[in-house]
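Each chain, written out:
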Amino acid sequence: MADQTHVLFVEDDDVIREATQLALERDGFVVTAMPDGLSGLEAFRADRPDIALLDVMVPGLDGVSLCRRIRDESTVPVIMLSARADSIDVVLGLEAGADDYVTKPFDGAVLVARIRAVLRRFGHAGGGDRTESAASTAGGVLSFGDLEIDTEGMEVRRAGQPVALTPTEMRLLLEFSSAPGTVLSRDKLLERVWDYGWGGDTRVVDVHVQRLRTKIGQDRIETVRGFGYKLKA
């Protein structure tokens, strides 16, 4: 996978940009590195990379704004890079449409592992084996009231209208729909959707659930305080 993967990397610090580019290229990735948001947007439109790594604080067009511009045009995976684990940076990046984030300074091996985890779930939006759902099914379509999920065509409709989901949102919805009425913990969702084999930041889950709710209905996914979330059957 790696030797066919094109990474757009936007970072204004020359040392970090060059060192990270070399590290990624050693792992077989093709890297386009840009020093600011505007050149990053131009490179994205010209090259259509497979994944984008965006530093939050870059000149011209900051990383969060760049993420929004990319998300307006594409569902390509986005990982935000932040010099601090500040909740505002993290939440703003995720709300802008980022799929994950990494805090600087980061280990090159950790960054590569995170990139590959994101690419795996984007390349296989349907995930692994799933149990039979309690929802009504017809030809691979799950129905929950006015919500229809085509698990084969990877399409979602609400009240007959198509719903545009990113691959991460689709995987999250598929996890819920595979066990409607069952509470899924944040840690379990991190493991299944984000492919974390280690502890992760549960804010990633919370923000994505909120984004999913705005698209499929605020009352469709219920919060079970102290435990997690469940899809109303």
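If you're wondering where the values come from, they're calculated on a predicted model, not measured in any experiment.

1. Comments concerning the overall build of the chain
The helix and strand tally for the chain stands at 8 helices and 12 strands. Counting every position in the chain, which comprises 233 residues, the buried fraction comes to 48%.

2. Quick notes on the packing of helix α2 (residues 37-47) against helix α3 (residues 63-73)
Between α2 and α3, whose axes approach to 10 Å, the crossing angle comes to 20 degrees. Judged by the angle between their axes, α2 and α3 are roughly parallel. Relative to α3, the crossing made by α2 is right-handed. Of α3, the residues touching α2 (which contributes Gly37, Leu41, Phe44 and Arg45) are Leu66, Arg69, Ile70 and Glu73. Class assignment of the residues belonging to the contact of α2 with α3 gives a composition of 4 nonpolar, 1 polar and 3 charged.

3. Some remarks on the sheet that holds strand β2 (residues 30-34)
Here we have 5 strands laid out as an open sheet, ordered β2-β1-β3-β4-β5, and parallel in their pairing. A strand with exactly one partner marks an edge of an open sheet, and here the two such strands are β2 and β5 (100-103). Between one strand and the next, the sheet's axes are offset by a mean angle of 20 degrees, whatever the strand orientation. Inspection of the sheet shows strand β1 (residues 6-10) paired to β2 by 5 bridges, in the parallel sense. Considered in β2, the bridge of histidine 6 is made with valine 30. Each of β1, β2 and β3 (51-55) touches helix α1 (residues 14-26); the most contacted strand, β2, lies at about 170 degrees to it.

4. Digging into the pattern of salt bridges
One pass over the full model with this rule turns up 15 salt bridges. The partner of arginine 71 in a salt bridge is aspartate 99, and the shortest N-O contact between them spans 3.3 Å. Placement of the pair is arginine 71 in helix α3 and aspartate 99 in the loop between α4 (87-95) and β5, with a sequence separation of 28 residues. Take arginine 71: its relative accessible area is 16%, and that puts it in the buried class. Here aspartate 146 and arginine 220 are joined by a salt bridge, their closest N and O atoms 3.5 Å apart.

5. Quick look at the environment of tyrosine 229
In this fold, tyrosine 229 is placed in strand β12 (residues 228-231). Residues tyrosine 229 and valine 183, 46 residues apart in the sequence, show an inter-C-alpha distance of 5.3 Å. There is a polar contact of 2.7 Å between the side chain of tyrosine 229 and the side chain of aspartate 206.

6. Quick look at the confidence of the model for the chain
Across the chain, the average pLDDT comes to 87, with 89% of residues at 70 or higher. Confidence drops under a pLDDT of 50 for residues 124-138, and excluding neighbours within four residues, the segment shows 26 contacts in the predicted structure.

7. Focus: unusual backbone geometry
The residue after lysine 104, namely proline 105, is reached through a cis peptide bond having omega 0 degrees. By the element assignment, proline 105 lies in the loop between β5 and α5 (108-123). Even without a glycine there, the phi angle at methionine 154 is positive, about 55 degrees. Secondary-structure assignment places methionine 154 in the loop between β8 (147-150) and β9 (155-158). Overall, the relative accessible area of 28% leaves methionine 154 in the partly exposed class.

8. Section: the nonpolar core
As a rule of thumb, soluble globular proteins bury nonpolar side chains together. Counting 49 residues, the largest nonpolar core has Leu54, Met80, Ile149 and Phe176 as the members making the most contacts within it. Sort the elements by how many residues they give to this core and helix α8 (residues 203-216) lands first, with 6 residues. In terms of nonpolar packing, the next biggest core, distinct from the first, is built from 16 residues, Val31, Leu81, Val118 and Phe122 among them.

What counts and how
- Residues numbered from 1 in each chain as written.
- Predicted model: local features only at pLDDT ≥ 70, side-chain atom pairs only at ≥ 80, totals over all residues.
- Heavy atoms only, no water.
- Helix = DSSP H or I, 4+ residues; strand = E, 2+ residues; numbered from the N terminus.
- Buried < 20%, exposed > 50% of the residue type's maximum accessible area, 1.4 Å probe, protein only.
- Axes fitted to C-alpha atoms, helices over the stretch in contact; angles between N-to-C directions.
- Parallel < 35°, antiparallel > 145°, perpendicular 65-115°, else oblique.
- Left-handed = near helix turned anticlockwise from the far one by under 90°.
- Contact = heavy atoms within 4.5 Å.
- Nonpolar A, V, L, I, M, F, W, Y, C, P; charged D, E, K, R; others polar.
- Pairing = 2+ DSSP bridges.
- Salt bridge = Lys/Arg side-chain N within 4 Å of Asp/Glu carboxyl O.
- Polar contact = N/O pair within 3.5 Å; in protein donor to acceptor, adjacent residues only side chain to side chain.
- pLDDT = per-residue confidence, 0-100.
- Core = buried A, V, L, I, M, F, W, Y, C linked by side-chain atoms within 4.5 Å.

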